[in-house]
Amino acid sequence: MSASPSTVERDLLARLEAGPIVELTTALIAERSENPGGAEAGTVAVLADACRGAGLSVEVDEVAPGRPNLIASLGDRDAAPTLLFLGHSDVVPAGTGWSGDPFAAHVAEGRLIGRGATDMKGGLAAIVAAMGALREAGAPGRIEFVCTVDEEAGGLGAQSYVGRPDSRRDGVLGAIVAEPTGLRAVHAGRGTANLEIAVTGKAAHSGRPDDGCSAIAVAGQILSVIADDGERLKSRPHPDLGPATWNVGTIAGGQGINVVAADCRLGVDRRLLPDEQIAVVTDELRERIAALDLPADASVTVTVDSETPAFATPLDDALTRGVSDSLATLGLDPVPRVWSAACDAGFLHRDLGIPSIVVGPGDIHTQAHQVDESVPVDDLLTAARLYALIAHRLLG
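The rules we used
- Residues numbered from 1 in each chain as written.
- Predicted model: local features only at pLDDT ≥ 70, side-chain atom pairs only at ≥ 80, totals over all residues.
- Heavy atoms only, no water.
- Helix = DSSP H or I, 4+ residues; strand = E, 2+ residues; numbered from the N terminus.
- Buried < 20%, exposed > 50% of the residue type's maximum accessible area, 1.4 Å probe, protein only.
- Contact = heavy atoms within 4.5 Å.
- Lys, Arg positive; Asp, Glu negative; His and termini not counted.
- Charge placed at Lys NZ, Arg CZ, Asp CG, Glu CD.
- Axes fitted to C-alpha atoms, helices over the stretch in contact; angles between N-to-C directions.
- Parallel < 35°, antiparallel > 145°, perpendicular 65-115°, else oblique.
- Nonpolar A, V, L, I, M, F, W, Y, C, P; charged D, E, K, R; others polar.
- Salt bridge = Lys/Arg side-chain N within 4 Å of Asp/Glu carboxyl O.
- Pairing = 2+ DSSP bridges.
- Left-handed = near helix turned anticlockwise from the far one by under 90°.

**Things to note about the overall build of the protein chain**
In step 1: Scanning the protein chain from terminus to terminus reveals 10 helices and 16 strands.
In step 2: With respect to the three principal axes, the spread of C-alpha positions in the protein chain is 85 × 45 × 40 Å.
In step 3: Counting all 396 residues of the protein chain, 51% fall into the buried class.
In step 4: Across the protein chain, the fraction of contacts at a sequence separation of at least 24, relative to all contacts at a separation of at least 6, is 81%.
In step 5: In the protein chain, 31 side chains carry a positive charge and 54 a negative one; their mean positions are 2 Å apart.

Take a look at the structure:
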């Protein structure tokens, strides 16, 4: 168990109150940033104003038309060390079945209800509040808050950020990612890639199937290849995350029962480990498919539609230990865990070599992407205090 907060830390934590965090979260929810839709600009505008109001320097970087990343900072750019906070501005579509307007957030029974309350506009508001308190208290070092677009789909915003010439690894202690984890630390998570496998055959009358080439039959052979590779992956588990996996989630093809199918498409999910590159995975898959005894009229293409890399931060890393100590100080569970979801931390890990810990208010399994999504108000305040304490200790 970590020591109780010092007098300076108690003063820092006392600067934070739930009201302003709830107010900002509510304002962020009101800006419909559903993805697909490319509509994050309104949320980013509200967030940018809040950051300026907290005394932070703000840069808005448009990575696609109407889709801006936000980078807010505290402290001189050349200051060392640096701590990153990472979040995203997009939410999944609200859908139907809500008990009220999903974008008119309200508090009921101690919970703030609205699309994005837990994933992850509450986390964004908690970061801003924490950085404002740290500025008032005179935090050492540098803190950078990066809010990306398109996390829920293709990771466009994160890829743009890690590709900036001024994105750096030197002097960066790590990143705190405010995804909803129930305020438990996550030190590792598998990545994910969505693939489409398109098979082209040759149409013919079903009365003479040998005149054609069934794309569906060829797809069946590919399914066997994927299943066999899944068994192979089970023998190569990551020590924390277990094995990589395949899942064929969709299949579509053919035009009628009495026609040999000329086309078939497979939608495939591949969960990635930290040492895997999807380009290598797909090249190996293509090689296994090419080794099949396929008909001359068959052709197969494998396309990667989206990718979020995996990440893993060692348990003995200073970032992991610092987060665990701060959780313990606040009376929270300090034991790091692994995660079943993927997030933008993978891009920091793969492209910049920056360690990450995911920890945030709300619960991804019981609230995120669901009807009447909500987050406990107490969690919002606790998250802000946790972020402030982590930054104070790691940078001090």
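**Some thoughts on the packing of helix α2 (residues 18–30) against helix α10 (residues 377–395)**
In step 1: Taken N-terminus to C-terminus, the directions of α2 and α10 make an angle of 105°; their axes are 9 Å apart at the nearest point. Put simply, α2 runs roughly perpendicular to α10. Where α2 approaches α10, its residues A18, I21, V22 and T25 are matched on the opposing element by V377, L380, L381 and A384.
In step 2: Split into classes, the residues belonging to the contact of α2 with α10 amount to 7 nonpolar, 1 polar and no charged.

**Details of the pattern of salt bridges**
In step 1: One pass over the structure, following the stated rule, counts 23 salt bridges.
In step 2: R350 is paired through a salt bridge with E307; the nearest N and O atoms lie 3.0 Å apart. Pair noted here: R350 is in helix α9 (residues 345–352) and E307 is in strand β12 (residues 299–308), with a separation of 43 residues, a long-range link.
In step 3: We classify E307 as buried; its relative accessible area is 16%.
In step 4: Salt bridges sharing common partners tie together E59, D61, R164 and D166.

**A look at the sheet that holds strand β16 (residues 374–376)**
In step 1: With respect to topology, 3 strands assemble into an open sheet ordered β4-β5-β16, the strand pairing being antiparallel. Only two strands of the sheet have a single neighbouring strand rather than two, namely β4 (106–108) and β16. With strand direction ignored, the average angle separating the axes of adjacent strands in the sheet is 30°.
In step 2: Examined bridge by bridge, strand β5 (residues 111–113) and β16 share 3 bridges and lie antiparallel to one another. Bridging across to β16, L112 finds its partner in V375.
In step 3: Relative to β16, α10 is tilted by about 65°, and along the sheet it contacts β4, β5 and β16.

**Regarding the packing of helix α8 (residues 318–329) against α10**
In step 1: Packing of α8 against α10 leaves a shortest axis separation of 9 Å and a crossing angle of 130°. As the angle between them shows, α8 and α10 are arranged oblique. Judged by the twist between their axes, the crossing of α8 over α10 is right-handed. Across the interface between the two elements, A318, L319, G322, V323, D325, S326, L327 and T329 of α8 pack against L386, L389, I390, R393 and L394 of α10.
In step 2: Along the lines of polarity and charge, the residues of the contact of α8 with α10 split into 8 nonpolar, 3 polar and 2 charged.

**Here we look at the pairing of strand β1 (residues 57–64)**
In step 1: Both β1 and strand β2 (residues 67–74) contribute to a ladder of 7 bridges, which runs antiparallel. Within β2, the residue paired with S57 across the bridge is S73.
In step 2: The turn linking β1 back onto β2 is made up of 2 residues, and G66 within it adopts a positive phi angle of 75°.

**Comments concerning the sheet that holds β12**
In step 1: As summarised here, the arrangement of the 4 strands in space is β10-β11-β9-β12, forming an open sheet in which the pairing is antiparallel. Strands at the two margins of the open sheet, each flanked by one partner only, are β10 (245–253) and β12. Put simply, the sheet's adjacent strands are angled 20° from each other on average, direction ignored.
In step 2: The pairing of β10 with strand β11 (residues 263–272) spans 8 bridges and is antiparallel. Paired with W246 across the bridge in β11 is R270.
In step 3: Along the sheet, helix α6 (residues 215–233) contacts β9 (191–200), β10, β11 and β12; its crossing angle with β11, the most-contacted strand, is approximately 10°.

No statement about biological role is implied by the geometric values presented.
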